[in-house]
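One-letter residues, chain by chain:
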Amino acid sequence: MPRVRQEDIWDDETARGYDTPGAGVFAPEVLDPTVDRLAGLADGGRVLEFAIGTGRVAVPLAERGVPVSGIELSRPMVGRLREKADETAIPVVVGDMAAARVPGEFSLVYLVYNTVSNLLTQDEQVACFGNAARHLRPGGRFVVELWVPDLQRLPPGAPAAVFAVEPGYVGFDSYDVLHQQVVSHHVRFGEDRQARLFRSPHRYVWPAELDLMARLAGFTLESRHADWSGADFTAESRSHVSVYRLP
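Bear in mind the structure is a predicted one, so any value in this text is a computation, not a measurement. (Residues numbered from 1 in each chain as written. Predicted model: local features only at pLDDT ≥ 70, side-chain atom pairs only at ≥ 80, totals over all residues. Heavy atoms only, no water.)

Student: Can you lay out the overall build of the protein for me, pointing to particular residues and giving the numbers?
Tutor: In terms of helices and strands, the protein carries seven helices and eleven strands. Here the protein has a C-alpha radius of gyration of 18 Å; the compact-globule value for 247 residues is 18 Å, and the two agree. Within the protein, buried positions represent 50% of all 247 residues. Carbon and sulfur atoms provide 54% of the accessible area of the protein, an area that totals close to 12400 Å². (Helix = DSSP H or I, 4+ residues; strand = E, 2+ residues; numbered from the N terminus. Rg over C-alpha atoms; globule rule 2.2 N^0.38 Å. Buried < 20%, exposed > 50% of the residue type's maximum accessible area, 1.4 Å probe, protein only. Areas by Shrake-Rupley, 256 points an atom, 1.4 Å probe, with all protein chains shown as cover.)

Student: If you had to explain the sheet that holds strand S10 (residues 220-225) to someone new, which residues and values would you point to?
Tutor: Across the sheet, seven strands lie side by side as S3-S2-S1-S4-S5-S11-S10; this open sheet has mixed pairing. The strands lining the two open edges of the sheet, one partner per strand, are strand S3 (92-94) and S10. Put simply, the sheet's adjacent strands are angled 15° from each other on average, direction ignored. In this sheet, S3 lies alongside strand S2 (residues 68-72) in parallel orientation, the contact comprising three bridges. (Pairing = 2+ DSSP bridges. Axes fitted to C-alpha atoms, helices over the stretch in contact; angles between N-to-C directions.)

Student: Describe the nonpolar core, naming the residues involved and giving the relevant values.
Tutor: In terms of nonpolar packing, the biggest core is built from 34 residues, with Phe50, Cys128, Phe129, Phe142, Val144, Leu210 and Phe219 touching the most fellow members. Those elements that place two or more of their residues in this core are strand S1 (47-50), strand S4 (106-111), helix H6 (122-135), strand S5 (136-147) and helix H7 (207-216). Looking at this core element by element, the count peaks at five residues for S5. Once residues lying within four places of it in the same chain are set aside, the contact partners of Cys128 are Phe50, Met97, Ala98, Leu111, Leu119 and Phe142. The next biggest cluster of nonpolar side chains, apart from the first, holds 25 residues, and it includes Leu31, Ala58, Ala85 and Val143. (Core = buried A, V, L, I, M, F, W, Y, C linked by side-chain atoms within 4.5 Å. Contact = heavy atoms within 4.5 Å.)

Student: Please give an account of the side chain of His202 that cites residues and values.
Tutor: Among the secondary structure elements, His202 is positioned in strand S9 (residues 195-203). The buried category is assigned to His202, whose relative accessible area is 11%. In this structure the side chain of His202 is engaged in a polar contact, spanning 3.2 Å, whose partner is the side chain of Asn118. If we ignore the near neighbours within four places in the chain, the residues touching His202 are Ser117, Asn118, Leu120, Trp147, Gln180, Gln181, Val182 and Ser184. (Polar contact = N/O pair within 3.5 Å; in protein donor to acceptor, adjacent residues only side chain to side chain.)

Student: Can you lay out the pattern of salt bridges for me, pointing to particular residues and giving the numbers?
Tutor: Applying the stated rule across the entire model yields nine salt bridges. Among the salt bridges present, the one from Arg238 reaches Asp150, with a minimum N-O distance of 3.4 Å. Placement of Arg238 in the loop between S10 and strand S11 (239-245) and of Asp150 in the loop between S5 and strand S6 (160-166) is noted, with a sequence separation of 88 residues between them. Taking relative accessible area as the criterion, Arg238 reaches 53% and is therefore assigned exposed. Among the residues examined, Asp150 registers a relative accessible area of 22% and is labelled partly exposed. (Salt bridge = Lys/Arg side-chain N within 4 Å of Asp/Glu carboxyl O.)

Student: Got a sec to walk through the side chain of Thr54? Specific residues and values, please.
Tutor: With respect to the element layout, Thr54 can be found in the loop between S1 and helix H4 (58-63). Residues in contact with Thr54, not counting those within four places in the same chain, are Tyr18, Asp19, Phe26, Met77, Arg80, Leu81 and Lys84.

Student: Account for H7, naming residues and giving values.
Tutor: When H7 is considered as a whole, its buried residues turn out to be Pro207, Glu209, Leu210, Asp211, Met213 and Ala214. Two residues or fewer past H7, Gly218 is found with a positive phi of approximately 95°.

Student: Go over the sheet that holds S6 with me, naming the residues and quoting the values.
Tutor: Spatially, S6-S7-S8-S9 is the arrangement adopted by the four strands of the open sheet, whose pairing is antiparallel. Bordering the open sheet on either side are S6 and S9, each of which pairs with just one other strand. Put simply, the sheet's adjacent strands are angled 15° from each other on average, direction ignored. With eight bridges joining them, strand S7 (residues 169-176) and strand S8 (residues 181-189) adopt antiparallel strand pairing. In the sheet register, Asp173 faces S8, and the bridge partner there is Ser184.

Here you go:
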């Protein structure tokens, strides 16, 4: 599978169309529990968002009075964030979340909406945990939101599986199970014969592997739930919110 640069995916066109105010991951029923939980975990300290994007989570968190900084690889996404909050309100370092450094010490680092899977090798994902640990004060937390690999959906011998069919939209994932790689394909179309395709590559990670990455960086698992509202994590859960903590 050819290597795709994340900065080529998250370009000006993608940044312009990323925000969907009031709908999807911007819907209050999705966003409010996320912000509530992160504000509580911040415990009155500074927080750092890896892959801050357009500020979907950071802006409402800052509006709660939580000091937020960020790391973001895509300059166009930072440009969209700057339409909502300036550098004084939410400082951002442009760079790779597995290596870039932000001045100061934080009580919480968080990485939401499956973004750790944007790092396409195990080494990069391990480095991301190490970078989170370097930014945290003793007792600090690292929160990761990630989907559970849904290989049960993949028919035997088939290379791909459909995950969504909606009016004007079809989504499917193609897998390289040998290398734990998946490409998500999002096809949007209207009444005419034209369609738009957006593809994003990921390295999928099982929760147990994620826990081992955390241990290598000095973390222990403090809690794991199926969502931001604290639902139990079970064998049927399709995603998880895992909280790791330093001594």
